[in-house]
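# Descriptive structure summary
One letter stands for each residue in the lines below.
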Amino acid sequence: MRRSRARKKSDSWQTIYMDLMTIIMVFFIILWSINQGKDIGISETIGDQTARLINLPGDVLFSAGKTEMSKAGQEVLGRLFNGKAGGVALSFVDSGLSKRMLVIHGHTDGDGKKDTNLELGYKRALSAYKEIRKFTPNLPDHVVVCSHADNSAAQEVPKFRGKLTKSQRSMLREAKKKNRRITIEDKYINKYGEE
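As a starting point, this report considers the structure included with it.

How each quantity is defined
Residues numbered from 1 in each chain as written. Predicted model: local features only at pLDDT ≥ 70, side-chain atom pairs only at ≥ 80, totals over all residues. Heavy atoms only, no water. Helix = DSSP H or I, 4+ residues; strand = E, 2+ residues; numbered from the N terminus. Buried < 20%, exposed > 50% of the residue type's maximum accessible area, 1.4 Å probe, protein only. Contact = heavy atoms within 4.5 Å. Pairing = 2+ DSSP bridges. Axes fitted to C-alpha atoms, helices over the stretch in contact; angles between N-to-C directions. Expected span 1.5 Å × (residues − 1). Patch = residues over 30% accessible without salt bridge, like charges linked within 9 Å, V, L, I, M, F, W, Y side chains within 5 Å. Areas by Shrake-Rupley, 256 points an atom, 1.4 Å probe, with all protein chains shown as cover. Salt bridge = Lys/Arg side-chain N within 4 Å of Asp/Glu carboxyl O.

### Some remarks on the overall build of the protein
Per the secondary structure count, the protein includes five helices and four strands. Along its sequence from the N terminus, the protein presents helices and strands in the succession α-β-α-α-β-α-β-α-β. Each of the 195 residues in the protein was classed as buried or not, and the buried ones make up 33%. Within the protein, counting contacts between residues at least 6 apart in sequence, those at least 24 apart form 72% of the total.

### Examining the sheet that holds strand β2 (residues 98–108)
Taken in spatial order, the four strands of this open sheet run β1-β4-β2-β3, and their pairing is mixed. Two strands bound the open sheet, and with one partner strand each, they are β1 (49–57) and β3 (143–149). Pairwise comparison of adjacent strand axes, ignoring direction, gives a mean angle of 20° for this sheet. Sheet topology places β2 next to β3; seven bridges connect them, and they run parallel. The residue of β3 that forms the bridge with Val103 is Val144. With respect to the sheet, helix α4 (residues 114–133) is in contact with β2, β3 and β4 (181–190), its orientation differing from that of β3 by roughly 150°.

### Some thoughts on α4
For α4, spanning 20 residues, the distance from its first C-alpha to its last is 28 Å, which sits close to the expected 28 Å at 1.5 Å a residue. For α4, the set of buried residues is Asn117, Gly121, Arg124, Ala125, Ser127, Ala128, Tyr129, Glu131 and Ile132. Buried-residue contacts for α4 involve α3 (71–81), β2, β3 and β4.

### Digging into a nonpolar patch on the surface
A cluster of nonpolar side chains, namely Trp13, Tyr17 and Met18, defines an oily patch on the protein surface of about 320 Å² accessible area. Position of Met18 among the secondary structure elements: in helix α1 (residues 2–34). Looking at Met18, the relative accessible area reads 33%, which means it is partly exposed.

### What about the pattern of salt bridges?
Scanning all chains against the criterion turns up seven salt bridges. Linking Asp59 and Arg180 is a salt bridge whose minimum nitrogen-to-oxygen distance equals 3.3 Å. Residue Asp59 is located in helix α2 (residues 58–61), and its partner Arg180 is located in the loop between α5 (166–179) and β4; the two are separated by 121 residues in the primary sequence. The partly exposed category is assigned to Arg180, whose relative accessible area is 22%. A salt bridge links Arg79 to Glu75; its shortest N-O distance comes to 3.0 Å.

### Digging into the environment of Lys159
If you trace the backbone, Lys159 turns up in the loop between β3 and α5. Using a relative accessible area of 80% as the deciding quantity, one classes Lys159 as exposed. Measuring from C-alpha to C-alpha, the distance between Lys159 and Leu172 comes to 8.8 Å, with 13 residues separating the pair along the chain.

### Focus: the pairing of β2
Most of β2 sits out of view: nine of its 11 residues are buried. Both β2 and β4 contribute to a ladder of 10 bridges, which runs antiparallel. The residue of β4 that forms the bridge with Val103 is Glu185.

### Digging into the environment of Gly110
Looking at the element boundaries, Gly110 is found in the loop between β2 and α4. Classification of Gly110 by relative accessible area gives partly exposed; the value is 44%. Between the C-alpha atom of Gly110 and that of Lys176, which follows or precedes it by 66 residues, the distance is 7.6 Å.

See the structure below:
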């Protein structure tokens, strides 16, 4: 009887957590749609202008240390990119003057070896690509997948020496959490250069 009650409390906590994460993702979708037209691209060699950019928390999309997307992550990307269910329907119609690309960046925190983090970031970005491709069949011709092993941090991680206080440990955890993310960048490339 006690175990059954404990499970119910645990299950309700998980449901509340999933609802909270869904609300946060809807907030990011709104920010993404507002961000149209701003040139905040990461790489000038990939595109001329970023039309939209969204950062998705890695802890929502993946379990710790894993590269396979979680069910919650699949649901989030489904809500974002399933045009039939109200998400963004990606269209790569070529205007003749510009080409549209989707750049998927896998970011990690600075823990562990750089080589391992580069591989982890790439595999996570690749998992995101495979999930988005379910809703956009012609995506392979319009995508770049890349990895950033803590090279472009969302938040700098402070360097502490000696024994850490509880608040310092909390600050470090939060900074690292922000750096573990997937960034999806919608870019336009001017085919004929600037005139």
